Amino acid sequence: EIAAPYKEDICYATTNRQEAVKAIAPQCDLVLVLGAPNSSNSVRLVEVARRNGAKNAQLVESAADVDWSWFEGVSTLGVSAGASAPEDLVETLIDAVRTKFAVELKSVETTRENVTFRLPRALLPAE
């Protein structure tokens with residue numbers, strides 16, 4: 001008699017990233033999603049990009065995994081990352097693209113993430 005969460009109950013970070021990818025995909029020739037191949041939310045971001053108009057979308061674990069032939073004919077690149085991908089991976093990817101192409105960054109924000117999580121009392125410093 002286990003009650004499962006509603007299907008739409010995915011974490012806010014995943015939901016926000018999916019909404020952002022939906023917003024940028026129609027303008028993108030290529031969307032690169034940083035994440036692990038066993039990360040369902042990263043794989044889903046690639047699917048969302050493709051379904052929402054990106055001409056091409058690829059999952060990469062790091063800048064080292066980029067196949068530069070994907071960039072042939074690309075004038076607009078979208079970049080996203082799975083919820084658990086560290087920000088420095090995104091910055092490294094942008095830097096790698098910048099070494100090969102002229103880059104003009106445009107940040108697209110569909111939702112402002114301002115959620116904070118408090119430490120459990122057991123982890124707070126003693127007063």
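Structure: above.
Computed from a prediction, not measured in an experiment: that's the story for all the values here.

Colleague: Before we move on, could you go through the overall build of the chain and cite the residues and values that matter?
Modeller: Scanning the chain from terminus to terminus reveals three helices and three strands. Relative to its full complement of 127 residues, the chain shows a buried share of 32%. By sequence separation, contacts in the chain at least 24 residues apart represent 77% of the contacts at least 6 residues apart. For the chain, the accessible area works out to roughly 9,000 Å², and carbon and sulfur atoms hold 50% of it.

Colleague: Give a description of the pattern of salt bridges that names residues and reports values.
Modeller: Side chains bearing opposite charge may pair, as long as their charged atoms lie close to each other. Applying the stated criterion across every chain yields a total of four salt bridges. Its salt-bridge partner being Lys-22, residue Glu-19 comes within 3.4 Å of it at the nearest N-O pair. Placement of the pair is Glu-19 and Lys-22 together in helix α1 (residues 12-24), with a separation of three residues, close to one helical turn. By relative accessible area, Lys-22 is classed as partly exposed at 34%.

Colleague: Account for the sheet that holds strand β2 (residues 57-60), naming residues and giving values.
Modeller: Ordered by their spatial adjacency, three strands build an open sheet running β2-β1-β3, and the pairing between neighbours is parallel. Pairing within the sheet leaves two strands with one partner each, and these edge strands are β2 and β3 (77-81). Taken over all neighbouring pairs, the strand axes of this sheet differ in orientation by 20 degrees on average, direction set aside. In this structure, strand β1 (residues 30-34) lies alongside β2, joined through four bridges in parallel fashion. The residue of β2 that forms the bridge with Leu-32 is Gln-58. Those strands touched by helix α2 (residues 40-51) are β1, β2 and β3, and its axis lies near 165 degrees from that of β2.

Colleague: Before we move on, could you go through α2 and cite the residues and values that matter?
Modeller: Between its first and last C-alpha, α2 extends 16 Å over twelve residues, near the 16 Å set by a 1.5 Å rise per residue. Asn-41, Ser-42, Leu-45, Val-46, Val-48 and Ala-49 are the residues of α2 that are buried. For α2, the buried positions fall inside an angular range of 160 degrees around the axis, keeping them on one side. Seen from the buried face of α2, the exposed residues on the opposite side, beyond 90 degrees, are Ser-40 and Arg-51. Gly-53 lies just past α2 and shows a positive phi near 110 degrees.

So, how was this worked out
- Residues numbered from 1 in each chain as written.
- Predicted model: local features only at pLDDT ≥ 70, side-chain atom pairs only at ≥ 80, totals over all residues.
- Heavy atoms only, no water.
- Helix = DSSP H or I, 4+ residues; strand = E, 2+ residues; numbered from the N terminus.
- Buried < 20%, exposed > 50% of the residue type's maximum accessible area, 1.4 Å probe, protein only.
- Contact = heavy atoms within 4.5 Å.
- Areas by Shrake-Rupley, 256 points an atom, 1.4 Å probe, with all protein chains shown as cover.
- Salt bridge = Lys/Arg side-chain N within 4 Å of Asp/Glu carboxyl O.
- Pairing = 2+ DSSP bridges.
- Axes fitted to C-alpha atoms, helices over the stretch in contact; angles between N-to-C directions.
- Expected span 1.5 Å × (residues − 1).
- Arc of directions from axis to C-beta.

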